[in-house]
Amino acid sequence: MRLAVFSDVHSNHFALEACFAAAERRGADLWIFLGDYISDCAEPHRTMELLYRARREHDCIFIKGNREEYILSHHKNGSDWQFGMSTGSLLYTYQNLTAADLAFLDAMPNVRVIDPNGKCAICLCHGSPEKTRETLHPFSYNVERWLLKIEQPLLMSGHTHRPLVARNGVKMYVNPGAVGIQATETVTAKMAFLESDDARWVPELVEVPYDVAAAVEELDRSGLTELAGVWGRAIRRQLCEGKNYSLFCVERAAELAAGGAVLPEHWAQAARDFGII
């Protein structure tokens, strides 16, 4: 049995379509999606259409990510999102989703346990089984902690945008990396395949080339580099280089604020420090 695993699409439908083609070439029996389907890149409805196509044509499992939680919370409770700020990307995404899209995302679980081969159960989540935003970074104690904590022999999640296979005794953790927005200083889309050898799952981390220039051009046409302020420009640079500029700007702006409120001038200085503006 073969599994195809996707995570962290972030509305990059160009990268997602390339990964779908790879999964179809390999004849994956089950397609697993680990969340963060939307936000950051342009035209989120095109990503949603690909997810619907996958659901029609393949056996699929969908897990909710933190970006879906943000969008759904805004839908249900409102927010202070506004254009020209980092939250402009989320507001743009929300405004380009339908009621059917929101219902589809809302129905996704945060955690699910599956046993597709009947012999080696898998725990699926976006960040961790407790929090969608929890990070399981390579070589961190948090990976080891969760392998000790879960009952299943295999844990799979995304969120960090960093591919990883880690083992602790008979237990294993797999992060397929990010389909859409890279943090690995490479620009290829990332995904994973897992093969069953009856008693266990054997992972393979895969890089998939796609048309990065088309994704950047669409981002420019959408106006997101202005609507999302520094965040939008950081995402554009990240698409081109694979360096985690969006997170760097967040952390640098917070550092410049020195414990106070992060103001537009802090964002602007952070962007200048990284050559984004």
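Since the structure is predicted, the reported quantities are computational estimates derived from the model, not experimental observations. (Residues numbered from 1 in each chain as written. Predicted model: local features only at pLDDT ≥ 70, side-chain atom pairs only at ≥ 80, totals over all residues. Heavy atoms only, no water.)

Q: How would you summarise the sheet that holds strand β4 (residues 111-114) if you had to cite specific residues and measurements?
A: Taken in spatial order, the 5 strands of this open sheet run β4-β5-β6-β8-β7, and their pairing is mixed. Unpaired on one side and paired on the other, β4 and β7 (164-168) mark the two borders of the sheet. If you compare each strand with its neighbour and ignore which way they point, the axes differ by 15° on average. By the bridge criterion, 3 bridges tie strand β5 (residues 122-125) to strand β6 (residues 154-156) in an arrangement that is parallel. Within the sheet, the bridge partner assigned to isoleucine 122 lies in β6 and is leucine 154. Those strands touched by helix α6 (residues 141-149) are β6, β7 and β8 (171-175), and its axis lies near 55° from that of β7. (Pairing = 2+ DSSP bridges. Helix = DSSP H or I, 4+ residues; strand = E, 2+ residues; numbered from the N terminus. Axes fitted to C-alpha atoms, helices over the stretch in contact; angles between N-to-C directions. Contact = heavy atoms within 4.5 Å.)

Q: Can you tell me about the layout of surface pockets, naming the residues and giving the values?
A: If a probe as big as a water molecule is rolled over the atoms, it shows which places are left empty. Each pocket or cavity is described by its volume, and for the largest pocket that value is around 750 Å³. Lining of the largest pocket is provided by 28 residues; of these, Asn66, Arg67, Arg133, Trp231 and Leu247 occupy positions nearest its centre. Elements with a contribution of two residues or more to the lining of the largest pocket: α3 (66-77), α4 (88-95), α9 (229-241) and α10 (245-257). Looking at the lining of the largest pocket residue by residue, the classes come out as 9 nonpolar, 14 polar and 5 charged. One number sums up the size of the second largest pocket: a volume of about 150 Å³. (1 Å grid on protein atoms, 1.4 Å probe; cavity = no way out; pocket = protein on both sides within 12 Å on 5 of 7 lines; lining within 4 Å. Points joined across faces, edges and corners; volume = space filled by probe spheres on them. Nonpolar A, V, L, I, M, F, W, Y, C, P; charged D, E, K, R; others polar.)

Q: Talk me through the pattern of salt bridges; I want residue IDs and the actual numbers.
A: Any two side chains of opposite charge can pair if their charged atoms end up close together. Counting across every chain of the model gives 18 salt bridges. Of the charged contacts, one joins arginine 67 and aspartate 40 as a salt bridge, the two residues approaching to 3.1 Å between their closest N and O atoms. Taken as a pair, arginine 67 in helix α3 and aspartate 40 in the loop between β2 (30-33) and α2 (44-57) lie far apart in primary sequence, 27 residues in all. For the residue pair arginine 67 and aspartate 40, the accessibility class agrees, reading buried in each case. We note a salt bridge from arginine 236 to aspartate 220, for which the minimum N-O separation is 2.8 Å. Highlighted residues: arginine 236 in helix α9 and aspartate 220 in helix α7 (residues 212-222), separated in sequence by 16 residues. According to the relative accessible area criterion, arginine 236 is partly exposed, its value standing at 32%. Note on aspartate 220: relative accessible area 35%, which makes it partly exposed. (Salt bridge = Lys/Arg side-chain N within 4 Å of Asp/Glu carboxyl O. Buried < 20%, exposed > 50% of the residue type's maximum accessible area, 1.4 Å probe, protein only.)

Q: Give a description of unusual backbone geometry that names residues and reports values.
A: The backbone of serine 11 sits at a positive phi, close to 65°, despite the residue not being glycine. Mapped onto the fold, serine 11 is located in the loop between β1 (2-6) and α1 (13-26). Not every positive phi belongs to a glycine, and histidine 159 is a case in point at roughly 80°.

Q: Could you give an account of α3, with specific residues and numbers?
A: Between its first and last C-alpha atoms α3 spans 16 Å; for 12 residues at 1.5 Å apiece the expected length is 16 Å, and the two agree. Next to the buried residues of α3 lie α4, α5 (99-106) and α9. Immediately downstream of α3, the backbone of glycine 78 shows phi near 80°, a positive value. (Expected span 1.5 Å × (residues − 1).)

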